[in-house]
Amino acid sequence: MGYHVTAVQNPLTSLSDDVIATERVLRRQKGDVLLVGHSWAGAVITQAGNASNVKGLVYLSALVPDSGESAADLLARLKAPMTGLSPDADGLLWLDDPAQFHHVMGADLAMSNARFLSSVQQPIAAVCFAAKVKHAAWHDKPSWYLQTIDDQALPYPVQQTIARQIGARTLSIRSSHLSLISQPDAVAKFIDRAASESER
Amino acid sequence: MAATTAHPVPNIVLVHGAFADGLELVGSDGAIDCDGLSRHRCPESIDFIE
C-alpha cells in the first residue's frame, strides 16, 4: 500500500515511558502520521496523539481512557476487570503460561504460534494502568476502532461501548485479541481506510 | 526516513500493547509489513524458533 510504517518499541514500564517512546518516533516522521495502538497502547496513543503531526487515531481492540482517566479507571467504569494475569514482586504483570496466553490473547491462532508469542512477550508494569491520561486526543482528532468479536482479553461489548463513547468509526471482525496476526489483511485494510478517510 | 509514498498521510506509526514486543505489529507471523502495510507472512521464523 506504500506507507512508511514504524513500530514503536515501547517499554511497557509506565504510561509516561510509553508516551515518550512514541513521541520520539513521531518526531522522526516526515509528514503527517496516522497513529495506531493495539490493546494497552490505546491509552498510549490517546496521550501521544496530541502531537501536531498526528492526523488520526486508530484503535485496535484497545483501551481508550478519557481525559483525567486511567486505563484502570476505564475498566472499572465499564465493569471489565482483567483476568488471567500473573503479578510478580517487581510490580510487573505477566501472561506467560502458554495455554493461558492462547486462551486470553489468541484462541484463533495455532498453539505453536501462541507459545512463540508467549515466550517473547514483555510484561507490563502494573503502574501503567493507574496513570491518568492528561488530555485525550480523540476529543480533537478523528478516530477509528477495530472491534474483535471473539476477544477474551477485552470483551466485544466493552469495545463497542468504548468506540461509541469516543465517536469512532468502526469495523467488527471475527477475531481474537490478536487480530494483527490472525487477520492481518483485515487490519491492514482497516488502517488503510482510516488513512484515506483522514485525508478528507 | 523519507516517506515512500505520495499519500497525504504517508506515515503509519504502530504502538504495541501488553505481553507483546512489537513482533505482532511488523513481525514474524502475519502482521503488518513495515515496507508498506501489506500482509506479511513469514512462517519460517516460527519454525526457526521451534
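Everything below is about the structure shown above.
Residues numbered from 1 in each chain as written. Chains lettered and ligands numbered in written order. Predicted model: local features only at pLDDT ≥ 70, side-chain atom pairs only at ≥ 80, totals over all residues.

K.L.:
Any chance you could explain the overall build of chain A here in plain terms?
P.N.:
Counting secondary structure elements, chain A contains eight helices and eight strands. Relative to the globule expectation of 16 Å for 200 residues, the C-alpha radius of gyration of chain A, 16 Å, shows essentially globular dimensions. Taken along its principal axes, the extent of the C-alpha atoms in chain A is 45 × 35 × 30 Å. Looking at chain A as a whole, 51% of its 200 residues are labelled buried. Long-range contacts, defined as pairs at least 24 residues apart, comprise 63% of the intrachain contacts of chain A with a sequence gap of at least 6. (Helix = DSSP H or I, 4+ residues; strand = E, 2+ residues; numbered from the N terminus. Rg over C-alpha atoms; globule rule 2.2 N^0.38 Å. Buried ≥ 20, exposed ≤ 12 C-beta atoms within 10 Å, placed from the backbone. Contact = placed C-beta atoms within 7 Å.)

K.L.:
Teacher, can you tell me more about the pairing of strand E8 (residues 169-173) of chain A here?
P.N.:
Every regular strand shows the same layout, with side chains that alternate between the two sheet faces. Here strand E7 (residues 143-148) of chain A runs beside E8 of chain A; their pairing, made up of five bridges, is parallel. Directly across from Leu 146 of chain A, in E8 of chain A, lies its bridge partner Leu 171 of chain A. (Pairing = 2+ DSSP bridges.)

K.L.:
How should the packing of helix H1 (residues 15-28) of chain A against helix H2 (residues 41-48) of chain A be read in this particular structure?
P.N.:
Packed helix pairs are characterised by how far apart their axes lie and by the angle those axes make with each other. Residue and element names in this part refer to chain A. Running from N to C, H1 and H2 cross one another at 60°; their axes reach a closest spacing of 9 Å. Considered as vectors, H1 and H2 are oriented oblique to each other. Crossing of H1 over H2 shows right-handed handedness. Between H1, through Leu 15, Asp 18, Val 19, Thr 22, Glu 23 and Leu 26, and H2, the contact on the second element is made entirely by Ala 43, Val 44, Ile 45, Gln 47 and Ala 48. Here the residues of the contact of H1 with H2 sort into seven nonpolar, two polar and two charged. (Axes fitted to C-alpha atoms, helices over the stretch in contact; angles between N-to-C directions. Parallel < 35°, antiparallel > 145°, perpendicular 65-115°, else oblique. Left-handed = near helix turned anticlockwise from the far one by under 90°. Nonpolar A, V, L, I, M, F, W, Y, C, P; charged D, E, K, R; others polar.)

K.L.:
Just checking my understanding: could you explain the environment of Ser 118 of chain A for this structure?
P.N.:
Residue and element names in this part refer to chain A. You can see Ser 118 is positioned in helix H5 (residues 111-119). Residue classification places Ser 118 among the buried residues on the basis of 20 C-beta atoms within 10 Å. Separated by 24 residues in sequence, Ser 118 and Trp 94 place their C-alpha atoms 9.5 Å apart. Non-local contacts of Ser 118, meaning those with residues more than four positions away in its chain, are made with Asp 96, Pro 98 and Phe 101.

K.L.:
Help me out: how do you make sense of the sheet that holds strand E3 (residues 54-60) of chain A in this one?
P.N.:
Strand pairing in a sheet relies on backbone hydrogen bonds. The paired strands run either parallel or antiparallel. With respect to topology, six strands assemble into an open sheet ordered E1(A)-E1(B)-E2(A)-E3(A)-E7(A)-E8(A), the strand pairing being parallel. Only two strands of the sheet have a single partner each, and these edge strands are strand E1 (4-8) and E8 of chain A. For this sheet the average axis-to-axis angle between neighbouring strands, irrespective of direction, equals 20°. One ladder, built from five bridges, connects strand E2 (residues 33-38) of chain A with strand E1 (residues 11-15) of chain B; its direction is parallel. Note on E1 of chain B: the bridge partner recorded for Val 33 of chain A is Asn 11 of chain B. The strands touched by helix H6 (residues 156-166) of chain A within the sheet are E7 and E8 of chain A, with E7 of chain A carrying the most contacts at an inclination of about 170°.

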